[in-house]
Amino acid sequence: MSADAVEFIRGHGGQLWVWAARPRVCCSATPALMHAATAAPTVLSGFIPVRSAGLDLWFRAPSGRLPEVLEIGLRGRRRPRVEAYWEGCLFVL
């Protein structure tokens, strides 16, 4: 996790939710995109708790697969938001 992402997450409750999901309107070959939020998503099933950087990280792995590296960064200056990267990518490999 980047230092500015940790600071942002702590300022927004100290919890981070990370999951992968396919776009709703597209073909079946589209890779699942990574999502990250400081508020819990509407569907909470399948998330596992992971302790990282003194924060509560909740992660839902697609099909039970875990990345070797899960990176968390902060993007945007006017409207900052956290982003998750599956081994450096915004989509699941």
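See the structure above.
In this report, we go over the structure that sits alongside the text. (Residues numbered from 1 in each chain as written. Predicted model: local features only at pLDDT ≥ 70, side-chain atom pairs only at ≥ 80, totals over all residues. Heavy atoms only, no water.)

1. With respect to the overall build of the protein
Tallying secondary structure elements over the protein gives one helix and six strands in all. The N-to-C order of helical and strand elements in the protein reads α-β-β-β-β-β-β. In terms of overall dimensions, the protein is globule-like: its C-alpha atoms have a radius of gyration of 13 Å, near the 12 Å expected for 93 residues. When the backbone C-alpha atoms are referred to their principal axes, the protein occupies close to 35 × 30 × 25 Å. (Helix = DSSP H or I, 4+ residues; strand = E, 2+ residues; numbered from the N terminus. Rg over C-alpha atoms; globule rule 2.2 N^0.38 Å.)

2. Some words on the pattern of salt bridges
Taken as a whole and judged by the stated rule, the model has one salt bridge. Put simply, E83 and R81 hold a salt bridge, and the shortest N to O gap is 3.9 Å. Among the residues examined, E83 registers a relative accessible area of 12% and is labelled buried. (Salt bridge = Lys/Arg side-chain N within 4 Å of Asp/Glu carboxyl O. Buried < 20%, exposed > 50% of the residue type's maximum accessible area, 1.4 Å probe, protein only.)

3. Overview of the sheet that holds strand β2 (residues 33-37)
Within the open sheet, the four strands sit side by side as β2-β1-β4-β3. Their pairing is mixed. The open sheet terminates on both sides in strands that have one partner only, identified here as β2 and β3 (48-52). The average angle at which neighbouring strand axes cross in this sheet is 25°, direction not considered. In the sheet, strand β1 (residues 15-21) pairs with β2 via five bridges, with the strands oriented antiparallel. Bridge assignment links A21 to a residue of β2, and that residue is L33. (Pairing = 2+ DSSP bridges. Axes fitted to C-alpha atoms, helices over the stretch in contact; angles between N-to-C directions.)

4. Points about the nonpolar core
A general tendency of soluble globular proteins is for nonpolar side chains to be buried together. Within the largest apolar cluster, 17 residues are counted, with the highest numbers of intra-cluster contacts made by I9, L16, V18, M34, I72 and V92. Only α1 (3-11), β1, β4 (55-60) and β6 (81-86) provide two or more residues apiece to this core. The element that contributes the greatest number of residues to this core is α1, accounting for four residues. Among all residues touching I9, those that are not within four sequence positions of it are M1, G14, Q15, L16, T38, L55, I72 and V82. (Core = buried A, V, L, I, M, F, W, Y, C linked by side-chain atoms within 4.5 Å. Contact = heavy atoms within 4.5 Å.)

5. Considering unusual backbone geometry
Although it is not a glycine, E87 adopts a positive phi angle of roughly 50°. Along the chain, the position of E87 falls in the segment after β6.

6. A short note on the packing of aromatic side chains
Under the criterion given, the structure shown has four aromatic pairs. For the pair W19 and F47, a centre-to-centre distance of 6.3 Å together with 75° between the ring planes defines the contact as edge-to-face. In this pair, W19 is assigned in strand β1 and F47 in the loop between β2 and β3, connecting sequence segments 28 residues apart. The burial state of W19 is the same as that of F47; both residues are buried. Pairing F59 with W86 gives two aromatic rings, centres 6.5 Å apart and planes at 35°, and the pair type is tilted. Of this pair, F59 sits in strand β4 while W86 sits in strand β6, and the two are 27 residues apart along the sequence. A single burial state applies to F59 and to W86, both of which are buried. Counting every residue linked through ring pairs, the aromatic cluster contains W17, W19, F47 and W58. (Phe/Tyr/Trp six-rings, centres within 6.5 Å; stacked < 30°, edge-to-face > 60°.)

Purely spatial values, then, with no claim about function.
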